[in-house]
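Listed below, chain by chain, are the residues.
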Amino acid sequence: MVESTSIEPGKDYSSLTPVLAAEMGKPPFEPKVAGRIAFFFGPIAGALVSVVSLRRAGYPLRSGKILRWTLLVSAAMAVVLVILPDALGRLFGLAAEITFYSVYPRLQQKEFYEWQGAHTEILPANGWGAIGWGVLGVVLFFVVAMAVIVPLMILFPSLQ
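Residues numbered from 1 in each chain as written. Predicted model: local features only at pLDDT ≥ 70, side-chain atom pairs only at ≥ 80, totals over all residues. Heavy atoms only, no water.

Enquirer: Please explain empty space enclosed by the protein as it appears in this structure.
Expert: By rolling a water-sized probe across the atoms, one finds the places where empty space is left. Applying the stated criterion across every chain yields a total of one cavity of 30 Å³ or more. When its volume is computed, the largest cavity comes out at roughly 40 Å³. Forming the walls of the largest cavity are Pro28, Phe29, Ser53, Leu54, Ala57, Gln108, Glu111 and Phe112. Mapped by element, the contributors of at least two residues to the lining of the largest cavity are helix H2 (43–57) and helix H4 (86–118). (1 Å grid on protein atoms, 1.4 Å probe; cavity = no way out; pocket = protein on both sides within 12 Å on 5 of 7 lines; lining within 4 Å. Points joined across faces, edges and corners; volume = space filled by probe spheres on them. Helix = DSSP H or I, 4+ residues; strand = E, 2+ residues; numbered from the N terminus.)

Structure representation (structure tokens):
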């Protein structure tokens, strides 16, 4: 049987990377799971959950865009957190977490509802399964932050 090469509206078929075997056949997480993971584990963690969900729903290009923008925002956040005094940095961090809590679900809501409409018999993946992505996201956030903060400290010793 020959696969159809016709393009379905709303689907990303020109993926730059192949879909992993672990992603095939699994349902995506509900959008609110990404928001919760982002609130408790940080922006990269929320982005990873969004990436996994979007790839499982058939939107690999959109997921790549979300991850790239999140890495850029995380690097900018690291710079802001270094520059701000501690009290303001804590307020900034809390405001950022609340923002991520509301933004990540909206980034994938339309795609999730389209997937859910096409797969009414399948339940979304359990949100507890996203905790592993959350832990990985925390580690990656610290890697990104250190990649930005260490050169800043070297170039501007007065920030220490």
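Moving on from the model shown.
Enquirer: Mind showing me how you'd approach the packing of H2 against H4 here?
Expert: Each pair of packed helices can be described by the angle between their axes along with the distance between the axes. The contact between H2 and H4 brings their axes to 10 Å, and the two run at 0°. Relative to H4, the element H2 is oriented roughly parallel. Along its contact with H2, which presents Pro43, Gly46, Ala47, Ser50, Ser53, Leu54, Arg56 and Ala57, the element H4 presents Glu97, Phe100, Tyr104, Gln108, Glu111 and Trp115. Each residue belonging to the contact of H2 with H4 can be placed in one class, and the counts come to seven nonpolar, four polar and three charged. (Axes fitted to C-alpha atoms, helices over the stretch in contact; angles between N-to-C directions. Parallel < 35°, antiparallel > 145°, perpendicular 65-115°, else oblique. Contact = heavy atoms within 4.5 Å. Nonpolar A, V, L, I, M, F, W, Y, C, P; charged D, E, K, R; others polar.)

Enquirer: Would you take a moment to explain the pattern of salt bridges for this structure?
Expert: Pairs may arise between side chains of opposite charge once their charged atoms sit close together. For the structure on display, the rule yields three salt bridges. For Arg62, the salt bridge is made with Glu111, and the minimal N-O distance between the two is 2.9 Å. Within this pair, whereas Arg62 is found in helix H3 (residues 60–83), its partner Glu111 is found in helix H4, the two being separated by 49 residues in sequence. Take Glu111: its relative accessible area is 7%, and that puts it in the buried class. (Salt bridge = Lys/Arg side-chain N within 4 Å of Asp/Glu carboxyl O. Buried < 20%, exposed > 50% of the residue type's maximum accessible area, 1.4 Å probe, protein only.)

Enquirer: Explain the packing of aromatic side chains here, please?
Expert: How two aromatic rings sit relative to each other is given by the distance of their centres and the angle of their planes. Applying the stated criterion across every chain yields a total of six aromatic pairs. Centre to centre, the rings of Phe141 and Phe142 are 6.3 Å apart; their planes meet at 65°, and the pair counts as edge-to-face. Here Phe141 falls in the buried class, since its relative accessible area comes to 16%. An aromatic cluster is present here, built from Phe39, Phe40 and Tyr101 joined pairwise through their rings. (Phe/Tyr/Trp six-rings, centres within 6.5 Å; stacked < 30°, edge-to-face > 60°.)

Enquirer: Explain the nonpolar core here, please?
Expert: Counting 32 residues, the largest nonpolar core has Phe29, Val33, Ile37, Val49, Phe100, Tyr104 and Ala130 as its most contacted members. Among the elements of the structure, helix H1 (31–41), H2, H3, H4 and helix H5 (131–155) are those that each provide at least two residues to this core. When residues of this core are assigned to their parent elements, the largest contribution, eight residues, is made by H2. Ignoring anything within four residues of it in the chain, the contact list for Val49 reads Phe29, Val33, Ala34, Ile37, Ala130 and Trp133. (Core = buried A, V, L, I, M, F, W, Y, C linked by side-chain atoms within 4.5 Å.)

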